[in-house]
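In case you want the letters, here they are:
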Amino acid sequence: MSTTILSFASKQIWPQVLSVLHTRPKRLILFHTAESTESSQPAQRLKEFFEQGGIDSSVVVELQLVPHDDFSKIIDVFASIAERLELDDSNCMVNLTGGNKLMALAAAEWCRLAGVPCFYLERDNRVFKFHAQGVDLLPQPDFKLDIHLARELDPLNLLRCQLGDSEVTDPGQRLKLNEPGRKLPENEIGPLLNRDVDFRKFLDWDMPSQKENPGDALEYATAVTLLKLGVPVVQRSVRLVPKLLRGSGREEGELDLIFNWTGRLWVVDCKNRIAADDRIDKLRREILSQTSISPRIAELLQRLTEELRERELHPLKQDLLNIAEVGGLLGQAICIRLNPLPPQANDFAQSRRIPIILRPSLVRDLKSTLFPNQSAAMDQLRALAVARTRAVS
């Protein structure tokens, strides 16, 4: 018998995406409130995502308006939908994850009264199920979803579904390994990086790069490393614009790399800039090659160093904040740099749990980020992930 999922839409798309992937329902009823940013617009984006092939499924999506602050009315809406579609415990489940606490409580109460099972999805992909028995709603043993349940979903489609105030104006390049890339041993990536090899020779892409930038080499090297570690596809140089300013010519920003991994949307920020201290050191050496440095020149150089640090710090913090927000609540940001960040920026990144990875340790640190707490079993899982990626390439 076909299954219907009743669920609350919110700004976070993953509870809906993962629950649909896990249950494979024939129908999804997305309840949303009249609040546009937090509920109705995300519901519409989810509907478009599912209907336009975001998931290889024939799920029929229906949107249903529901109040956010009327306990009894919420129950009445659930009851009305169930009566119209002839839903009961044999063909229906409720996802309690979205919505506010009052909405979740009302949905759980309807499940208890109607005898319909429900579940809640935690951020670590743990599913807590509840079954109605008599007048009680009883917890069932929890379980974890497969961390690679969503591995085949296109990261660009997920990004479009997640974005609220911005939209994609240029999808950039879709990167996958070519034949030489698939044959490239993982332990050769580091030495190739040290020799500044062009990593584009290990990649296939759908669109040529529109322009070349100094940071491109690090982006391509990072993409090859991610793909070698098992990520199915990497989208590069995705350009965004604020929806309210569409047509104004103003660009909001560019996402260097995005990819889908372990039920999360990952955003990578790559910068190949020379740090302020290194630039001043270069200038100091050049001055010393011509003459000695007087106390006044030393003072000016120190002042210039501090000014450059401050000038770099604000946009750097903004970059880190933007990439952290794009992925959503269940997203993950990574910062790839040629040089260590200034202490203030490093503390800022750590406070938001953004890994800072330097080019010399690119392979090792990306591996530990993608496979945290890796054990022998996890190493085997990673090998299987890489093998699956190669099989579909």
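Up top is the structure these notes are about.
Since we're looking at a predicted model, the values are computed, not measured.

1. Here we look at the overall build of the protein
Here's step 1: Regarding its fold elements, the protein presents 13 helices and 16 strands.
Here's step 2: Taking all 393 residues of the protein together, 46% fall into the buried category.
Here's step 3: Within the protein, contacts between residues at least 6 apart in sequence are counted, and of these 67% link residues at least 24 apart.
Here's step 4: Per element, the accessible surface of the protein, about 19800 Å² overall, is 50% carbon and sulfur.

2. So, unusual backbone geometry
Here's step 1: Even without being glycine, Asp196 reaches a positive phi, approximately 55 degrees.
Here's step 2: Topologically, Asp196 is positioned in the loop between helix H7 (189-194) and strand E11 (203-205).
Here's step 3: Here Asp196 falls in the exposed class, since its relative accessible area comes to 58%.

3. Section: the packing of aromatic side chains
We describe a pair of aromatic rings using the distance from one ring centre to the other and the angle between the two ring planes.
Here's step 1: Under the definition given, this model contains 9 aromatic pairs.
Here's step 2: Pairing Phe78 with Trp110 gives two aromatic rings, centres 5.6 Å apart and planes at 45 degrees, and the pair type is tilted. Residue Phe78 is found in helix H3 (residues 71-85), and its partner Trp110 is found in helix H4 (residues 101-114); the two are separated by 32 residues along the sequence.
Here's step 3: Relative accessible area serves as the criterion here: at 1%, Phe78 is assigned to the buried category.
Here's step 4: When its relative accessible area of 5% is taken as the criterion, Trp110 is described as buried.

4. A word on the environment of Asp70
Here's step 1: Positionally, Asp70 belongs in the loop between strand E3 (60-65) and H3.
Here's step 2: On the accessibility criterion, Asp70 (35% relative accessible area) is partly exposed.
Here's step 3: Distance in space between the C-alpha atoms of Asp70 and Met103 is 8.3 Å, their sequence separation being 33 residues.
Here's step 4: Here Lys73 takes part through its backbone nitrogen, which lies 3.0 Å from a polar atom of the side chain of Asp70.

5. A word on the pairing of strand E2 (residues 27-32)
Here's step 1: Of all the 6 residues making up E2, 5 are buried; the element is thus mostly covered by neighbouring parts of the structure.
Here's step 2: Note that strand E1 (residues 4-8) and E2 share 5 bridges and pair parallel. Considered in E2, the bridge of Phe8 is made with Phe31.
Here's step 3: Chirality of the crossover, the property in question, places the unit of E1, helix H1 (residues 14-23) and E2 among those that are right-handed.
Here's step 4: Summarising the sheet, E2 and E3 pair through 6 bridges and their orientation is parallel. Bridge pairing in E3 places Leu30 opposite Leu63.

6. A word on helix H11 (residues 343-351)
At 3.6 residues per turn, the α-helix brings residues three or four places apart onto the same side.
Here's step 1: Buried residues of H11: Ala345, Phe348 and Ala349, and no others. Viewed end-on, H11 has its buried residues packed into an arc of 95 degrees, placing them on one side of the element. In this structure, H11 carries Pro343, Gln350 and Ser351 as exposed residues pointing more than 90 degrees from its buried face.
Here's step 2: Directly after H11, the chain includes Arg353, whose backbone phi takes a positive value near 55 degrees.

7. Some points on the side chain of Gln235
Here's step 1: Following the sequence through the fold, Gln235 ends up in strand E12 (residues 234-242).
Here's step 2: For Gln235, a relative accessible area of 3% puts it in the buried group.
Here's step 3: Here Pro171 takes part through its backbone oxygen, which lies 2.9 Å from a polar atom of the side chain of Gln235.
Here's step 4: Residue contacts for Gln235: discarding those within four places in its chain leaves Leu156, Pro171, Gly172, Gln173, Arg174, Asp256, Leu257 and Ile258.

8. So, the packing of helix H2 (residues 36-51) against helix H5 (residues 155-162)
Here's step 1: At their nearest, the axes of H2 and H5 sit 8 Å apart, and the two run at 155 degrees to each other. Classed by the angle they form, the pair H2 and H5 counts as roughly antiparallel. Between H2 and H5, the residues in contact are Arg45, Leu46 and Phe49 and Asn157, Leu158, Arg160, Cys161 and Gln162, respectively.
Here's step 2: In terms of residue class, the contact of H2 with H5 is made up of 4 nonpolar, 2 polar and 2 charged.

9. Some thoughts on the state of the cysteines
Any covalent bond linking the sulfur atoms of two cysteines counts as a disulfide.
Here's step 1: All chains considered together, the criterion is met by 0 disulfides.
Here's step 2: Not part of a disulfide, Cys270 finds its nearest cysteine sulfur in Cys335, a span of 8.4 Å.
Here's step 3: Cys335 sits in the buried class, given a relative accessible area of 0%.

10. A few points about the pattern of salt bridges
Here's step 1: If you walk through the whole model with that rule in mind, you get 17 salt bridges.
Here's step 2: With a shortest N-O distance of 3.0 Å, Glu179 and Arg182 are connected by a salt bridge. Taken together, the residues Glu179 and Arg182, both in helix H6 (residues 179-183) and 3 residues apart, mark about one turn of the helix.
Here's step 3: Owing to a relative accessible area of 40%, Glu179 belongs among the partly exposed residues under this scheme.
Here's step 4: As a salt-bridge pair, Asp198 and Arg200 come within 2.9 Å of each other at their nearest N and O atoms.
Here's step 5: Taking relative accessible area as the criterion, Arg200 reaches 30% and is therefore assigned partly exposed.
Here's step 6: It is possible to trace a salt-bridge network through shared partners that takes in Asp124, Arg126 and Asp142.

Cut-offs applied
Residues numbered from 1 in each chain as written. Predicted model: local features only at pLDDT ≥ 70, side-chain atom pairs only at ≥ 80, totals over all residues. Heavy atoms only, no water. Helix = DSSP H or I, 4+ residues; strand = E, 2+ residues; numbered from the N terminus. Buried < 20%, exposed > 50% of the residue type's maximum accessible area, 1.4 Å probe, protein only. Contact = heavy atoms within 4.5 Å. Areas by Shrake-Rupley, 256 points an atom, 1.4 Å probe, with all protein chains shown as cover. Phe/Tyr/Trp six-rings, centres within 6.5 Å; stacked < 30°, edge-to-face > 60°. Polar contact = N/O pair within 3.5 Å; in protein donor to acceptor, adjacent residues only side chain to side chain. Pairing = 2+ DSSP bridges. Right-handed = clockwise from strand over helix to strand, strands pointing away. Arc of directions from axis to C-beta. Axes fitted to C-alpha atoms, helices over the stretch in contact; angles between N-to-C directions. Parallel < 35°, antiparallel > 145°, perpendicular 65-115°, else oblique. Nonpolar A, V, L, I, M, F, W, Y, C, P; charged D, E, K, R; others polar. Disulfide = S-S within 2.5 Å. Salt bridge = Lys/Arg side-chain N within 4 Å of Asp/Glu carboxyl O.

From the geometry alone we can't say anything about function, so treat these as descriptive.
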